[in-house]
Amino acid sequence: MASPELPETSLDRITLEMTSTLDLGAVLESITRGLVDDFGVALARVWLAEPGDGVLHLRASSGLSTRIDGTYARVPIGSRKIGRIAETREPLATNDVANDDRIADQAWARANGLVSFAGWPLTVRGSLQGVLATFARRPLAEHERARMSLFARQAAIAIENARLFAKVGMLEERLRAENAYLRSEVAGEDADAATMLGQCDGMSATLAEVRKVAPTTTTVLVQGETGTGKELVARALHELGSRRSGPLVRVNCAALTPSLVESELFGHEKGAFTGAVQRRLGRFELADGGTLLLDEVGELPLELQPKLLRVLQEQEFERLGGTRPVRVDVRIVSSTNRDLAKAVEEGRFRQDLFFRLAVFTVRVPPLRERRSDCATLAVAFVRQHARRLGKPLTGIAPRAMDRLLAYSWPGNVRELANVIERAAIVSTGTVLGENDLPPLAGPAVGVADSGATGPAAEGTLESIERAHILKVLERTGWVIEGKSGAATTLGVAPSTLRSRMTQLGIRRS
């Protein structure tokens, strides 16, 4: 005896419900839950296709199994019955699942008393949105399948509308996040193109390496001491590459606490943790189509490194508190002042992540190896700060230049820029004089190698360090944090500087 047919109004009600919202999750829930509750199928599922992915992702399931992370969570297009429906764009149906060779899981179907299977491609104007599939414990009549085919077309339109609405919302959210990010970058910008000036062999070799690798999409690791201009090298890699029309987004791994790094990189959903009052895009999403600079990547917490490795390999991640993967197309450039190979040996950095980041390595030489560039950089900084301050400075007096060239610059180019800025502020002439320069503490160039004697070479290493820290603190007005603080000039974290001051007995009188 044939099973009673359901009234046609059941599909009409489901259609009305799924088209009354633009929330994708609600649309998918209306489709699968409505087919189970109202149309009487035993299992209803929807897979969605992502452009250029080649894989169908299970996004909604109601009935026998509501899991969306099992065997059928990801189905390659062309594989299994679901993948074939997507590939051929043709429906597939049978009222004899127990004996139909197209149904791979016949034993499971018999165990659950399933009689019929029907699947439809979800397409809109030739664009594949996904696949809708159902199992039922009764045969589906021909006219029911015909109505279901029409329903699948309407479902595809509802899904496309919801996805477009979500995309518009994401674009608006991304624009807001990008604006906030750019405002913070402009407010905190302390680098200048002058840092990339230089004709010495070391810097010329660095720039040659940059020009070679920039046009590719290869992952690049920029190595160098603090203050050498690693970020500017990363900017050059971006501007000379094919992604220059996309964003360049920077995240300072050393400036974030371990609990915030994951949210900063991958973003979070509303309610993911206390204080997460709304969804927030991470730096990976902001950098989609462009370049992401992982500054001081050696400071990345060990527990987060496997997640970063996965994103590098698959270009896919989940927001904190989220359940759906987010796909991005990002080029990774990382920088560090640490010896990552040594960190790998000590177990503080994953070896596989190191190899993935260091596909191509660019070394930025310290200023002490760029002696011939010191004068060029100093003059460039004088002109830069003269423009900013509105002063008539045009150059540097010979004796002042001699002092600059005789200094070892442990803080590298950043320290040179800060010294010139301070001198430009106090200068009253048209050239920067010797008296305009602050005290330059520390050994002169060549002292350690030549065995020279005198004030610069006398005393223990601890006393020299103490004197240098004191000079920097006096020069910065005992300001420790911030871009003009002593910690930045010395190239250390504020907490590290405070700890060292306590050990050396340094206190402000």
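Up top you'll find the structure we're talking about.
Along each chain, the written sequence defines residue order, and numbers are assigned to residues from 1. A pLDDT threshold of at least 70 governs which residues receive local features in this predicted model, and a stricter bar of 80 or more applies before side-chain atom pairs are shown or counted, although totals over entire chains, interfaces and linings include all residues. Derived side-chain values reflect all non-hydrogen atoms in the structure, with water molecules and hydrogen atoms excluded from consideration.

The next subject is the overall build of the protein chain. By the criteria applied, helices consist of DSSP H or I runs no shorter than four residues and strands consist of E runs no shorter than two, each listed in order from the N terminus. Scanning the protein chain from N- to C-terminus turns up 19 helices and 15 strands. For the protein chain, the residues scored as buried account for 47% of the 509 residues in total. Any pair of residues with heavy atoms lying within 4.5 Å of one another is described as a contacting pair. Once local pairs closer than 6 in sequence are excluded, the contacts in the protein chain between residues at least 24 apart make up 66%. Only the protein chains shown count as cover for residues, and all accessible areas are computed by the Shrake-Rupley method using a 1.4 Å probe. For the protein chain, the computed accessible surface area is about 24800 Å², with 52% contributed by carbon and sulfur atoms. Throughout this description, buried means an accessible area under 20% of the type-specific maximum (1.4 Å probe, protein chains only), exposed means over 50%, and partly exposed covers the range between.

A grouping of Leu389, Ile425 and Val426 is seen on the molecular surface, where their side chains present a nonpolar patch of about 240 Å² in accessible area. One can find Val426 in helix α15 (residues 412-426). What goes into a patch is any residue over 30% in relative accessible area without a salt bridge, connected to like charges within 9 Å or, for nonpolar side chains (Val, Leu, Ile, Met, Phe, Trp, Tyr), within 5 Å. A side-chain nitrogen of Lys or Arg and a carboxyl oxygen of Asp or Glu constitute a salt bridge if their distance falls within 4 Å.

A word on the sheet that holds strand β3 (residues 74-76). Strand pairing is defined by DSSP finding a minimum of two bridges between the two strands. What the six strands build is an open sheet, ordered β3-β2-β1-β6-β5-β4; its pairing is antiparallel. Of all the strands in the sheet, just β3 and β4 (92-94) have a single pairing partner and so form its edges. Each neighbouring strand pair of the sheet contributes to a mean axis angle of 25 degrees, computed without reference to strand direction. As paired elements, β4 and strand β5 (residues 116-124) share three bridges and run antiparallel to each other. The residue bridging Thr94 from the neighbouring strand is Phe117, located in β5. Here the axes come from fitting lines to C-alpha atoms, over the contacting stretch only for helices, and the angles between their N-to-C directions go from 0 to 180 degrees.

Turning to helix α19 (residues 494-504), a few remarks are in order. Of all the residues in α19, the buried ones are Leu497, Met501 and Leu504. One side of α19 holds all its buried residues, which, seen down the axis, span an arc of 70 degrees. Opposite its buried face, α19 presents the exposed residues Ser495, Thr502 and Gln503, each directed more than 90 degrees away. Gly505 sits one or two positions beyond α19 and adopts a positive phi of about 70 degrees. The arc in question is traced by the directions running from the helix axis to the C-beta atoms.

To pair, rings of Phe, Tyr and Trp, with the six-membered ring standing in for Trp, must have centres within 6.5 Å; the planes then decide the type, stacked if under 30 degrees apart, edge-to-face if over 60, and tilted in the middle. One pass over the structure, following the stated rule, counts seven aromatic pairs. Ring centres of Tyr407 and Trp409 lie 4.6 Å apart, and the angle between their planes is 80 degrees; on these two criteria the pair is classed as edge-to-face. As far as burial versus exposure is concerned, Tyr407 and Trp409 are alike and both buried. Grouped by ring-pair contacts, the aromatic residues Trp108, Phe117 and Phe135 constitute a single cluster. Geometry around Phe39 places Arg138 over its ring, the cationic atom sitting 5.5 Å from the centre. Placement of a positive charge over a ring is assigned whenever Lys NZ or Arg CZ falls within 6 Å of the ring centre and within 35 degrees of the normal to the ring plane.

By themselves, these observations are geometric and do not establish any function.
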